[in-house]
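Report on the structure
For reference, the chains in residue letters:
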Amino acid sequence: MAFDIKKIREDFPILKRKMNGKPLIYFDNAATSQKPAPVIDAEREFYEKYNANIHRSIHRLGEEATKKYEEAHDKASKFINAGFEEVVFTSGTTESLNLLAYSLGSEIKEGDEMVISQAEHHSNFVQWQQLAKNKRAKLKFAEITDDGTLDLGQLSRILNKKTRIVSLFHVSNVLGTINPIKKISKIIKEKSNACFIVDAAQSAPHMKLNVKELGCDFLAFSGHKMLAPTGIGVLYGKQELLEKMQPFMFGGEMIKHVTFEDTKFNDLPWKFEAGTANIAQAIGLGAAIDYLNKAGMQNIERHDAELAKYCYRLLDSMGDVEIYGPEERNSLVSFNVKNVHAHDTAAVLDSEGIAVRAGHHCAMPLHSLLGIPASARASFYLYNTKEEIDALGEGLKKVSKVFS
Amino acid sequence: MSENLDPGYTGEGMYRENIIDHYKNPHNKGSIEDADAQFTENNATCGDVITVQLKVKDGIVKDIKFQGRGCAISQAAMSMLTGEIKGKSLEKAKSVKRGDIVGMFGIEIGPVRTKCATLGMVAVKNAIKEFELKKVSVKEGVK
């Protein structure tokens, strides 16, 4: 299918909005993406036509809601080439990764080792740090080289038979770098018996994922960064591992049978979905996956990488802009205008209708490593264009002028 | 559709000449060697930091100095605030509100940037709070 950006842009109602009389240029996709009409419609249709609780109500609405919810599960499984039993819906990447820290964490003992990288998002950082503290386990850090990529040699050296968990980002939300997950999976299997977890929050929206090829044990991502509503996300886990794991939350759908003495938990994937699910959001995720598949994940990957490269080169040519990370990157560029705080940069860009993120992007340890308090970040998605990046370039000239 | 849902939206108008001037040439930047009170306040969202020091005599702020780094809004607001507080009573310094900062700026500030604009104000209030607590404990110690 042709990748028709004009048509794609028409599907996103928010892109019609004017900011200060100027068209909205939305470059904060790594924080959350905008939503196309089919996703908004799918949520509305659920509430207007078949709102009911799932898996329990024996009436027409309940049956319809359950069918649509399970269809969304099926779409999410196929989206990453996983089995139906291997995909659990959560509220997002953060909950997925916390579920793992809680459930796998119960098996961690004093002296065990865990590995994360220096560039993790706080959502793949703090729970492991706290788990290590609580269990007197050791948390080791895979280092980032000067060019912003993961040091695979150093990673290999810190792995050993005591390593129980390795949890790494797929695409960095600050540097835009892509970790070679397949290669890393191999290194981990050679050197340890650790579970390998992949934080795919920044990769799932932009590239075709195949968990069988990636070779990881677990993978987590959020719906809202890939056109779906907030409050819905995915945890993938290999079936044999999910079967062995203890549930994270109890009650509701995760139960099969309860007596006064004990409880039998439900089958996968429902064992990990306690309480009433975020049904409308899940159905919205299903619609988002349909939309992405129609546009073609390969097309999106090519488009987003091309924009990132175009932006990198434009900013690099400006002279007074410092860029973080290498030229080879996925879908975003973090930068600072020299001698201007990222917040001020973002505020001036905002007056031009350009939305970028400014701050530490939930990666404070990485920012301290880079030696900066904050950075501005432009992150792209399927509806963005090179013309919009040109406008960013003009906006940055204005930033320099205001603060010169 | 209405252009700006946020009534506090001022866009680049935020960077008026007086604000840029305070940012580039801050008043009362530096340190006091024998300060009576000191406090450091951080803004976690953007990494802004302000350390304020006070010299107090007879309930009056005799001197105020600050050090810090951060966005133009946080640093300019602190610079302006020091001018307002110097020579005034502690009571007066404690009573500064968000609205007073908005008044000094001459423009409305949106909810997100309010954190930046009031960072110095919070630091001053905390410095005074600690100073007063210390005084109480010293008095009790004498008893």
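About the cut-offs
Residues numbered from 1 in each chain as written. Chains lettered and ligands numbered in written order. Predicted model: local features only at pLDDT ≥ 70, side-chain atom pairs only at ≥ 80, totals over all residues. Helix = DSSP H or I, 4+ residues; strand = E, 2+ residues; numbered from the N terminus. Buried ≥ 20, exposed ≤ 12 C-beta atoms within 10 Å, placed from the backbone. Contact = placed C-beta atoms within 7 Å. Nonpolar A, V, L, I, M, F, W, Y, C, P; charged D, E, K, R; others polar. Domains from an automatic or database assignment. Axes fitted to C-alpha atoms, helices over the stretch in contact; angles between N-to-C directions. Parallel < 35°, antiparallel > 145°, perpendicular 65-115°, else oblique. Pairing = 2+ DSSP bridges. Core = buried A, V, L, I, M, F, W, Y, C linked by C-beta atoms within 7 Å. Right-handed = clockwise from strand over helix to strand, strands pointing away.

1. Quick word on the overall build of chain B
Scanning chain B from N- to C-terminus turns up six helices and three strands. When the helices and strands of chain B are listed from N to C terminus, the series reads α-β-β-β-α-α-α-α-α. For chain B, the proportion of its 143 residues judged to be buried stands at 36%. By sequence separation, contacts in chain B at least 24 residues apart represent 68% of the contacts at least 6 residues apart.

2. Digging into the interface of chain A and chain B
Listed as interface residues are 18 residues of chain A and, on the opposing side, 14 residues of chain B. Elements with a minimum of two residues in the side of chain A that touches chain B: strand S1 (18-19), helix H12 (342-351) and strand S16 (357-359) of chain A. The dominant element in the side of chain A that touches chain B, judged by the number of residues it contributes, is H12(A), at seven residues. The residue inventory of the side of chain A that touches chain B, partitioned by class, reads eight nonpolar, six polar and four charged.

3. Some points on the domain arrangement of chain A
Residues and elements named next belong to chain A. Domain boundaries in chain A define domain 1 (5-31 + 296-402) and domain 2 (41-294). The interface of domain 1 with domain 2 comprises 24 residues on the first partner and 23 residues on the second. Looking at the side of domain 1 that touches domain 2, the elements that each hand over two or more residues are helix H11 (297-316), strand S14 (332-337) and helix H13 (364-370). Sorting elements by how many residues they give to the side of domain 1 that touches domain 2 places H11 first, with six residues. The residue inventory of the side of domain 1 that touches domain 2, partitioned by class, reads 14 nonpolar, seven polar and three charged.

4. Description of the packing of helix H1 (residues 17-24) of chain B against helix H2 (residues 72-85) of chain B
All names here are of chain B. At their nearest, the axes of H1 and H2 sit 8 Å apart, and the two run at 85° to each other. Classified by the angle their axes make, H1 and H2 are roughly perpendicular. On the side of H1, the interface is formed by Ile19, Ile20, His22 and Tyr23, while H2 contributes Ala72, Gln75, Ala76, Ser79 and Met80. Across the contact of H1 with H2, the residue classes tally to six nonpolar, three polar and no charged.

5. Concerning the sheet that holds strand S13 (residues 321-324) of chain A
Residues and elements named next belong to chain A. Spatial ordering of the open sheet is given by S13-S14-S17-S16, a layout of four strands whose pairing is antiparallel. With partners counted over all chains shown, the strands left at the sheet margins are S13 and S16, one partner each. Averaged over neighbouring strand pairs, the angle between their axes works out to 30° when direction is ignored. In this structure, S14 lies alongside strand S17 (residues 375-379), joined through four bridges in antiparallel fashion. By the bridge assignment, Phe335 is partnered in S17 with Ala376.

6. Focus on the nonpolar core
Core analysis: the largest hydrophobic core is formed by 165 residues, its most contacted members being Val198(A), Phe218(A) and Ala288(A). Residue contributions to this core peak at eleven residues, all from helix H10 (residues 279-295) of chain A.

7. What to know about the sheet that holds strand S10 (residues 233-237) of chain A
All names here are of chain A. The seven strands lie next to each other as S4-S10-S9-S8-S7-S5-S6, forming an open sheet whose pairing is mixed. Edge positions in the sheet fall to strand S4 (87-90) and strand S6 (138-142), since each has one partner strand and no second. Put simply, the sheet's adjacent strands are angled 20° from each other on average, direction ignored. One ladder, built from five bridges, connects strand S5 (residues 113-117) with S6; its direction is parallel. Looking across to S6, one finds that Ser117 is bridged to Ala142.

8. Some details on the environment of His55(A)
Residues and elements named next belong to chain A. When you line up the elements, His55 lands in the loop between helix H2 (37-49) and helix H3 (60-79). Here His55 falls in the partly exposed class, since 16 other C-beta atoms lie within 10 Å of it. Once residues within four sequence positions are removed from consideration, His55 is found in contact with Thr66 and Glu253.

9. Describing the pairing of S5(A)
Strand residues, when the strand is regular, have side chains that alternate between the two faces of the sheet. Residues and elements named next belong to chain A. Burial of S5 is extensive: five of the five residues sit out of reach of the surface. Neither face of S5 is open: one carries Glu113, Val115 and Ser117, the other Met114 and Ile116, and all of them are buried. In this region the chain leaves S5, passes through helix H5 (residues 126-135) and returns to the parallel neighbour S6; the handedness of that crossover is right-handed. Looking at chain direction, S5 and strand S7 (residues 163-169) are connected through four bridges and run parallel. Residue pairing for S7: Glu113 is matched across the bridge by Thr163.

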